[in-house]
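Now for the letters of each chain:
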Amino acid sequence: AQSVTQLGSHVSVSEGALVLLRCNYSSSVPPYLFWYVQYPNQGLQLLLKYTSAATLVKGINGFEAEFKKSETSFHLTKPSAHMSDAAEYFCAVSFTGNQFYFGTGTSLTVIP
Amino acid sequence: DAMVIQNPRYQVTQFGKPVTLSCSQTLNHNVMYWYQQKSSQAPKLLFHYYDKDFNNEADTPDNFQSRRPNTSFCFLDIRSPGLGDAAMYLCATSSRDRGYEQYFGPGTRLTVT
C-alpha cells in the first residue's frame, strides 16, 4: 500500500528557531512529493515539490525539503521560524500524477 | 491571475436538503478534484475527473455526486446532506504539463442545520 506519514501532529518552535517537519512515504518506487501549507479557512498552497530532479528542493517563504530515498523521507525545514509560519502543513505523495495521498498534517505553532 | 474559484465560500443547508457547490478554473487544467476536509484532518479525496473521465473513490458515499460540464467548471452535488457532511470542501486542479502539482481553491465551508 502506498501511504505517507507525518510524525508529530503538533510542533512548537520559538521565533527564529529551526523548523523541522517530518514526512515519510512508503513505496518501492520514488513518487512525486509535495508539501502544502494551509492557513485557517483557506485552501492549500503549494510550498514545494519533488519530481525526480534535484534532491534538495527549495520552495516559497524560505522553506526547503530534501528527498532521501534511502530513508524514504521528505522532511520540510526552514532555518528561522517567523510568526507568519504558524499554520497546518501537509505532506502529499502521488505515484500516477492523478491521485494524491495526504498525510494527516502537522500544526506548527511559533512562540514569540 | 489564473486561479481556482469556489462559490460560495460559506454555505448553510438544512438536513436532507440538496446542495450544490461549484468550482471553476482559469488554468485550463485537465484534472479536477473534490476533497472533503473535516476539522483538524487531512483532505479526503472524494473523486476526480481526468478530462471527462470520472473517477470515484471507493469509499465516497453515494450521497455525493459530481458533474463536469466543461473543462472550466466542476460541481459537487450532495443529494441529502447529513450532519456528518458538514465540512470544508476543497476543489483542486492539476495538469500533466505542470508536473501534476495541485492548485487549490479557497474552499467552501458547508454547515448543515
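Structure report, in brief. (Residues numbered from 1 in each chain as written. Chains lettered and ligands numbered in written order. Predicted model: local features only at pLDDT ≥ 70, side-chain atom pairs only at ≥ 80, totals over all residues. Heavy atoms only, no water.)

**Brief notes about the overall build of chain B**
The number of helices and strands found in chain B is zero helices and 11 strands. Written out in order from the N terminus, the α and β elements of chain B read β-β-β-β-β-β-β-β-β-β-β. Its C-alpha atoms give chain B a radius of gyration of 13 Å, within 12% of the compact-globule value 13 Å for 113 residues. The principal-axis extents of the C-alpha atoms in chain B amount to approximately 40 × 30 × 25 Å. Within chain B, the proportion of its 113 residues that are buried is 51%. Here the contacts in chain B between residues at least 6 apart in sequence split such that 56% fall between residues at least 24 apart. Within the structure as shown, chain B displays about 5500 Å² of accessible surface, and the carbon and sulfur contribution to it stands at 48%. (Helix = DSSP H or I, 4+ residues; strand = E, 2+ residues; numbered from the N terminus. Rg over C-alpha atoms; globule rule 2.2 N^0.38 Å. Buried < 20%, exposed > 50% of the residue type's maximum accessible area, 1.4 Å probe, protein only. Contact = heavy atoms within 4.5 Å. Areas by Shrake-Rupley, 256 points an atom, 1.4 Å probe, with all protein chains shown as cover.)

**Comments concerning the packing of aromatic side chains**
Between two aromatic rings, the relevant description is the distance of the centres plus the angle of the planes. Within this structure, the stated rule accounts for 18 aromatic pairs over all chains. For the ring pair A:Y50 and A:F67, a centre distance of 4.2 Å and an interplane angle of 15° mean the geometry is stacked. With A:Y50 in strand β6 (residues 44–50) and A:F67 in strand β8 (residues 64–68), the pair connects residues that are 17 residues apart, well separated along the chain. Of the two residues examined, A:Y50 and A:F67, each falls in the buried class. Seen from their ring centres, A:F90 and A:F102 are 6.4 Å apart, and the 85° between their planes marks the pair as edge-to-face. With A:F90 in strand β10 (residues 87–94) and A:F102 in strand β11 (residues 100–102), this residue pair connects regions lying 12 residues apart in the sequence. Here A:F90 matches A:F102 in class, with each residue buried. One aromatic cluster is present, formed by A:F34, A:Y36, A:F90, A:F100, A:F102, B:Y33, B:Y35 and B:F104 through successive ring pairs. (Phe/Tyr/Trp six-rings, centres within 6.5 Å; stacked < 30°, edge-to-face > 60°.)

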